[in-house]
Amino acid sequence: MVNLKKKILIILAIIFAIILIGATQVHATPNANGELTVNGKYLFGEGQTIETVPGATYDKNTNTLTLNGYNGNTITAYYMNDFKINVVGENTITTDLKVNSNGIYSVLGTLEITGTGTLNFKETNISDATSLHPEEGAITSQDTYIVIDGPTIKMQNLTGSGISARPGIEIKNANVDINVTGLNGIYTYNNSIEISDSKVNSTASKYAITGDSVSIEGNSTITAKTVETTVPVLIAFSSLMA
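Just so we're clear, the structure is a prediction, and the values are computed from it rather than from any experiment.

## Some points on the environment of Glu35
Thinking step 1. Inspection of the secondary structure assignment puts Glu35 in strand β1 (residues 35-38).
Thinking step 2. A residue is classified by how much of its surface remains accessible, and Glu35, at 7% relative accessible area, is buried.
Thinking step 3. Glu35 sits 72 residues away from Val107 along the chain, and the two C-alpha atoms are 10.0 Å apart.

Here it is as structure tokens:
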């Protein structure tokens, strides 16, 4: 009887160890040499199994992800440095709010979203949004400067924020339409937002467009308002240079 109890304890200890190892692998630190996942699958990453994703192709030589008819979940880019997303045709990123609150999440370097196509952002499991962060949004960066050059970006009726990038945001030759109930429409912390030759509509609960400075140049049309106040606020900023 004693030996049986010992065997059971040993088996339980082994099972527990396997569970811990598995949990460690799931939450492992991303590779500092770069990792790219699309719809939960690796398209780039040392030591990872590279898979294919319909509507998404990655070119290592140009460090460019092309979306052409993509309809899937979150895109994450860790340490991809000068990383580009080329938008062709109609594409949709649907965020599962039970898992995270980002459509595109980038860490370090520059994220440039280019092309002449359309990129739509949607959400699922809104009522079960266990991971929603009000300051994070459809496009969120950590130490990544964001450039949107050319495409149409649509974020309609989202519960998170729109575009958030601490190092700064540049929008040019683009059409950006944001309507969110999160804190921020377009937000950068202590850095600049530059808009040129673009049409930008931004509605958010507290800050429509906010940064240390907001520059609007060329043939641009800007509509920005908040819904938290009684009177719509056109643009939230500390300085505006036209």
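## Points about empty space enclosed by the protein
Thinking step 1. Counting across every chain of the model gives one cavity of 30 Å³ or more.
Thinking step 2. Approximately 60 Å³ is the volume found for the largest cavity.
Thinking step 3. In terms of lining, the largest cavity is formed by Thr95, Ser101, Lys122, Glu123, Gly137, Ala138, Leu158, Gly160 and Ser161.
Thinking step 4. The residue inventory of the lining of the largest cavity, partitioned by class, reads two nonpolar, five polar and two charged.

## Some words on the side chain of Thr76
Thinking step 1. Within the secondary structure, Thr76 sits in strand β6 (residues 75-88).
Thinking step 2. Looking at Thr76, its side chain comes within polar contact range of the side chain of Thr37, at 2.2 Å.
Thinking step 3. Residues in contact with Thr76, not counting those within four places in the same chain, are Glu35, Leu36, Thr37 and Tyr105.

## What to know about the confidence of the model for the protein
For residues with low pLDDT, the predicted coordinates do not support detailed interpretation.
Thinking step 1. Overall, the predicted model of the protein reaches an average pLDDT of 82, with 76% of residues at or above 70.
Thinking step 2. Within the model, the stretch residues 5-10 combines pLDDT values under 50 with zero contacts to residues more than four positions away or in other chains.
Thinking step 3. Every residue in residues 12-28 scores below 50 in pLDDT, and together they form zero contacts with partners more than four places removed in sequence or on other chains.

## A word on the pattern of salt bridges
Thinking step 1. Summed over the entire model, instances satisfying the criterion amount to one salt bridge.
Thinking step 2. A salt bridge links Glu170 to Lys172, with the nearest nitrogen and oxygen atoms 3.7 Å apart.
Thinking step 3. For Glu170, a relative accessible area of 18% translates into the label buried.
Thinking step 4. For Lys172, a relative accessible area of 23% corresponds to the partly exposed category.

About the cut-offs
Residues numbered from 1 in each chain as written. Predicted model: local features only at pLDDT ≥ 70, side-chain atom pairs only at ≥ 80, totals over all residues. Heavy atoms only, no water. Helix = DSSP H or I, 4+ residues; strand = E, 2+ residues; numbered from the N terminus. Buried < 20%, exposed > 50% of the residue type's maximum accessible area, 1.4 Å probe, protein only. 1 Å grid on protein atoms, 1.4 Å probe; cavity = no way out; pocket = protein on both sides within 12 Å on 5 of 7 lines; lining within 4 Å. Points joined across faces, edges and corners; volume = space filled by probe spheres on them. Nonpolar A, V, L, I, M, F, W, Y, C, P; charged D, E, K, R; others polar. Polar contact = N/O pair within 3.5 Å; in protein donor to acceptor, adjacent residues only side chain to side chain. Contact = heavy atoms within 4.5 Å. pLDDT = per-residue confidence, 0-100. Salt bridge = Lys/Arg side-chain N within 4 Å of Asp/Glu carboxyl O.

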